[in-house]
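Observations on the model geometry
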Amino acid sequence: MLFFFCSCAKAEDAVVVPIDSINGKKVLIVYLTRTGNTEAVAKMIQQQVGGNLVSLELQTPYPENYQATVQKVSNENTSGYLPPLKTVINNIQQYDIVFIGFPTWGMRLPPPMKTFLTQYNLKGKTVVPFNTNAGYGLGSCIDTINQLCPNSKVLEAFSVQGGIERDGVIFVIQGEKEVQVRLSVNQWLSSLKF
């Protein structure tokens, strides 16, 4: 499932829209970011729905060099290796809704997000994916999430083009792009049935 908006708007049009269907539910927003774009979307979501914001960090971080990271992730995907997380989330059972944010890496869900979904039991929870990518979309990410969360209610994903790191385009969700993404996030959130 994918919910994608692209709109043109002015900064003054970016307003917070209350999400009534979340009232009374505990929200966790977990995200993985390399260039800051997924983090920017995570913060937009938190501004709309509240909840706790958690950045996934690895025990052994990926290399700073983009090509070295691409190779490492490719090897992890090929071998099925799930890198251990430094991030610890206590009492995950207290949350009703878990937003999971990630970039698309090699048309797949990044290994650290697979680690998170494998390590934590999200049975009975509503899982809400959101994504940034280099223009190629979600790839197989949603299929993997559905496989790793068979007993969760997985809602429609939000996906937006972020940077293109291989081309040196890193953080792009700022200025007019930030306004457009914020409007799209607000529309997406308002459309969801929690």
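Quick look at the structure, then. (Residues numbered from 1 in each chain as written. Predicted model: local features only at pLDDT ≥ 70, side-chain atom pairs only at ≥ 80, totals over all residues. Heavy atoms only, no water.)

With that out of the way, let us pick up the nonpolar core. Counting residues in each nonpolar core, the largest one holds 30 residues, and the members touching the most others are I100, M113, F116, L117 and I145. Mapped by element, the contributors of at least two residues to this core are strand 2 (27-31), strand 4 (97-103), helix 3 (111-119) and helix 4 (141-148). If sequence neighbours within four positions are ignored, M113 has contacts with V30, Y31, L32, L56, I100, G101 and F102. Counting residues in each nonpolar core, the second largest holds 25 residues, with Y31, A40, V172 and W188 among its members. (Core = buried A, V, L, I, M, F, W, Y, C linked by side-chain atoms within 4.5 Å. Buried < 20%, exposed > 50% of the residue type's maximum accessible area, 1.4 Å probe, protein only. Helix = DSSP H or I, 4+ residues; strand = E, 2+ residues; numbered from the N terminus. Contact = heavy atoms within 4.5 Å.)

This part is about the layout of surface pockets. Volume-wise, the largest pocket comes out at about 570 Å³. Along the wall of the largest pocket there are 28 residues; nearest its centre are Y66, T104, W105, G106 and A134. Secondary structure elements with two or more residues in the lining of the largest pocket: helix 1 (37-49), helix 2 (66-79) and strand 5 (126-133). Looking at the lining of the largest pocket, the element that brings in the most residues is helix 2, giving 6 residues. Grouping the amino acids of the lining of the largest pocket by side-chain chemistry returns 10 nonpolar, 15 polar and 3 charged. A volume near 300 Å³ is recorded for the second largest pocket. (1 Å grid on protein atoms, 1.4 Å probe; cavity = no way out; pocket = protein on both sides within 12 Å on 5 of 7 lines; lining within 4 Å. Points joined across faces, edges and corners; volume = space filled by probe spheres on them. Nonpolar A, V, L, I, M, F, W, Y, C, P; charged D, E, K, R; others polar.)

Each turn of an α-helix holds 3.6 residues, which means side chains three or four residues apart point in the same direction. For helix 3, a buried count of 7 out of 9 residues is recorded, marking the element as mostly surrounded by other parts of the structure. Restricting attention to buried positions, one finds in helix 3 the residues P111, P112, M113, K114, T115, F116 and L117. Tucked into the core, helix 3 has its buried residues touching strand 2, helix 2, strand 4 and helix 4.

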